[in-house]
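Spelled out, the chains give:
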Amino acid sequence: MTAEPTAVAAPAAVAADELTRTPLLTHEVGSLEPGKLADIVLWELDDLDHAGIEDPVAALVLGPRPLAHTVIVDGQVVIRHGELLTGDVEEITRELAEVAMR
């Protein structure tokens, strides 16, 4: 990371994101507890691409794009051990390529 005047520290970027959440939804979001909506993503940051980045927040925000290990959306596991469980990756890839060609 460089010390450029426009650079934002990774924790500050995450804190800025948290400030944008609306207090009107605190009964539905904002904590992990029964009855609330929750989307959770777990990333593996111990790979070669992230070696040497000691701050995990900086690794997520400033490092190479990590692949999701586990994704849970509204209580349903969507990705487990890096594998998409709720769709066909080849079909989705093909559809995205078709849309991109338009």
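Please refer to the structure higher up on the page.
I will try to describe carefully the structure that is included in this document.

Calculation notes
- Residues numbered from 1 in each chain as written.
- Predicted model: local features only at pLDDT ≥ 70, side-chain atom pairs only at ≥ 80, totals over all residues.
- Heavy atoms only, no water.
- Pairing = 2+ DSSP bridges.
- Helix = DSSP H or I, 4+ residues; strand = E, 2+ residues; numbered from the N terminus.
- Contact = heavy atoms within 4.5 Å.

A word on the sheet that holds strand E2 (residues 68-73)
Part 1: If you walk across this open sheet you meet the 4 strands as E1-E2-E3-E4, and the pairing is antiparallel. Only two strands of the sheet have a single partner each, and these edge strands are strand E1 (39-43) and strand E4 (83-84).
Part 2: The sheet contact formed by E1 and E2 spans 5 bridges and is antiparallel. Opposite leucine 42, over in E2, you have threonine 70 as the bridge partner.

Some words on the side chain of histidine 50
Part 1: Mapped onto the fold, histidine 50 is located in the loop between E1 and helix H2 (56-62).
Part 2: Those residues in contact with histidine 50, other than ones at most four positions away along the chain, are Leu45, Ala59, Pro64 and Pro66.

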